[in-house]
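So you can see what is in the structure, the chains are spelled out below.
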Amino acid sequence: MPKSYTALKASENNAEASLYIHIPFCNSKCSYCDFFSVTDHSLMAKVLDRTVEQTARFIDYFGIKSIPTVYIGGGTPTSLPLPLLDKLLSFIGTLPLGEGSECTIEANPETITIDLIRLLSDSCMNRLSLGIQSFSDTTLGTLGRHCNSATALKAIGLVKEHWQGQLSLDLISSIPGQEVSDSIADIDTAISFRPDHISLYSLTLEEGTPLAQHYDPDSQSIDDNVWILAADHLEISGYRRYEVSNFALPGCQSRHNTRYWKLLPYIGTGAGGVSTLHDGKGGLFRISNVPDLEKYLESTDLICGAETEEIIGKSYIFEYLMMGFRMTAGIAKSDFAKTFGREITEVIPETIADWKNRGLAVDTGDSIALNKGGLLLLNQFLLDALSELE
Ligand code: SF4
């Protein structure tokens, strides 16, 4: 049931919280994308000012004292003109970033210039996530991407030459028309640059997107086996899988995303941003900012016309399972017991026993995790857990 954010006061539970800033602007719209972003940049400066104001107010209102990770995503954050991006980065530099905080910014290859890399290098940013998706011009055409392979290769070359921070590359697999060899070729090109981290997503045809109107999700146009074999190739190449779609060199996992999967508190600012905070009474509180620039600018309250939602009881447990079992490390028994006051093996005993017996889940003593075969069936595992919870 929706509840006012005023029920949520500054709390010790949120004293350490991450920050996500949503920049809802892109230079063009990709045919598979259902993220909130617009290509009309006329409100950019006003929206950025409001986002900065909302961020400062959230930090103050919710009593956030330390920010261990920052993630500027979108949209395409680097579609901001450099003076506006500079303004945002300077503001972030004034925030109570924790010691050794991880600060990531997403970028698209066509926006990479030496001036941009210099600006990022002079700021608190220390991790760059580049949306490559594929190095094949045919595949990029299917995805309706703005840039071609030559631009992507040039961008990575510039980053490798001038950027000292961590680098993550995003790739997509199981794209209509893509063969296993095409996806493996994309991976080989990506790892030839030795990025610290690679996200390999399996294409999802999101309802309402132009791509979904061309391809039937139930037809053979999407071949999941391409993703499975591509993921194997990444692991053989030294990138250890630590989450359903994420692979990293040792010590280079995304700390920000790991906090999402552990349901640790974070604020999300900007139009379309989402916050998840602890309510101080054993539950979660979610605030979803309105995905509409004019409404975002017009609203006068602290949360900019956002929708709010309480996540308590079984809903909280289910969300914890849904996020936690995405990680190859699974769920630490002690974390679960500390959060819910009960053992995970008491909450979903039959599901755990069944999946262990079938050789799809592993109990290490300290944690419960799905293995490689189990992760392929994650949705079925969650359905089993849900029916046991009810
Ligand atoms: S660049 Fe990213 S956010 Fe922008 S339209 Fe393409 S997929 Fe969506």
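Because the structure is predicted, anything quoted here is derived from the model rather than measured.

A.B. asks: With reference to specific residues and values, describe the overall build of the protein chain.
C.D. replies: When helices and strands are tallied, the protein chain shows 16 helices and 15 strands. Rg of the C-alpha trace for the protein chain: 21 Å, near the compact-globule value of 21 Å for 390 residues, within the 12% margin. By principal-axis analysis of the C-alpha atoms, the protein chain measures approximately 55 × 50 × 40 Å. In the protein chain, which comprises 390 residues, the share counted as buried stands at 54%. Element-wise, carbon and sulfur atoms account for 51% of the exposed surface of the protein chain, whose accessible area totals about 16,900 Å².

A.B. asks: Help me get a handle on the site of the ligand, residues and values and all.
C.D. replies: With respect to spatial proximity, the complete set of residues near the ligand consists of Cys-26, Ser-28, Lys-29, Cys-30, Tyr-32, Cys-33, Phe-35, Gly-75, Thr-76, Asn-108 and Arg-145. Considered class by class, the residues forming the shell around the ligand number 5 nonpolar, 4 polar and 2 charged.

A.B. asks: I'd like a rundown of the side chain of Ser-18, residues and numbers included.
C.D. replies: Summarising the element assignment, Ser-18 is placed in strand β1 (residues 18–23). Among the polar contacts listed, one links the side chain of Ser-18 to the side chain of Arg-259, at a separation of 2.8 Å. If we skip the residues at most four places from it in the chain, Ser-18 touches Ile-67, Pro-68, Thr-69, His-256, Arg-259, Pro-265, Tyr-266 and Ile-267.

A.B. asks: Got a sec to walk through the pattern of salt bridges? Specific residues and values, please.
C.D. replies: Evaluated as defined, the whole model comprises 11 salt bridges. In this structure, the salt-bridge partner of Arg-118 is Asp-115, at a minimum N-O distance of 3.6 Å. Of this pair, Arg-118 and Asp-115 both sit in helix α3 (residues 114–121), separated by 3 residues, roughly a single helical turn. In this structure, the salt-bridge partner of Glu-243 is Arg-326, at a minimum N-O distance of 2.6 Å. Taken together, the residues Glu-243 in strand β7 (residues 240–243) and Arg-326 in the loop between α11 (313–324) and β13 (331–332) connect sequence positions 83 residues apart. A network of salt bridges, in which partner residues are shared, links Arg-50, Glu-53 and Arg-57.

A.B. asks: Please give an account of helix α6 (residues 180–191) that cites residues and values.
C.D. replies: Relative to the 16 Å expected for 12 residues at 1.5 Å per residue, α6 spans 17 Å between its end C-alpha atoms, a close match to the ideal helical length. Looking at α6, one finds that the buried residues are Ser-183, Ile-184, Asp-186, Ile-187, Ala-190 and Ile-191. Along the long axis of α6, the arc covered by the buried residues comes to 155°, so they all point the same way. Taken together, the buried residues of α6 touch β4 (127–133), β5 (166–173), β6 (197–202) and α8 (224–236).

A.B. asks: Could you give me a rundown of the pairing of β4, with the residues and numbers involved?
C.D. replies: Taking burial as the measure, the 7 residues of β4 include 7 buried ones, the bulk of the element. Residues Arg-127, Ser-129, Gly-131 and Gln-133 of β4 are buried on one face, and the alternating residues Leu-128, Leu-130 and Ile-132, pointing to the opposite face, are buried as well. As defined by bridge partners, strand β3 (residues 97–107) adjoins β4 across 4 bridges and the pair is classed as parallel. Bridging across to β4, Glu-106 finds its partner in Ser-129. Sheet analysis places β4 next to β5, joined by 6 bridges and oriented parallel. Bridged to Ser-129 within β5 is Ser-168.

A.B. asks: Which residues make up the domain arrangement of the protein chain, and what are the values?
C.D. replies: Here the protein chain is partitioned into domain 1 (5–259) and domain 2 (322–390). Here the C-alpha centre of domain 2 lies 29 Å away from the C-alpha centre of domain 1. If you look at the interface, domain 1 gives 8 residues, while domain 2 gives 7 residues. By the criterion of area lost to domain 2, the three top residues of domain 1 are Arg-241, Glu-243 and Val-244, representing 56% of everything that side buries. At the boundary of domain 1 with domain 2, the tally comes to 2 salt bridges.

Criteria and thresholds
- Residues numbered from 1 in each chain as written.
- Predicted model: local features only at pLDDT ≥ 70, side-chain atom pairs only at ≥ 80, totals over all residues.
- Heavy atoms only, no water.
- Helix = DSSP H or I, 4+ residues; strand = E, 2+ residues; numbered from the N terminus.
- Rg over C-alpha atoms; globule rule 2.2 N^0.38 Å.
- Buried < 20%, exposed > 50% of the residue type's maximum accessible area, 1.4 Å probe, protein only.
- Areas by Shrake-Rupley, 256 points an atom, 1.4 Å probe, with all protein chains shown as cover.
- Near = heavy atom within 4 Å.
- Nonpolar A, V, L, I, M, F, W, Y, C, P; charged D, E, K, R; others polar.
- Polar contact = N/O pair within 3.5 Å; in protein donor to acceptor, adjacent residues only side chain to side chain.
- Contact = heavy atoms within 4.5 Å.
- Salt bridge = Lys/Arg side-chain N within 4 Å of Asp/Glu carboxyl O.
- Expected span 1.5 Å × (residues − 1).
- Arc of directions from axis to C-beta.
- Pairing = 2+ DSSP bridges.
- Domains from an automatic or database assignment.
- Buried area = accessible area lost by both parts, 1.4 Å probe.

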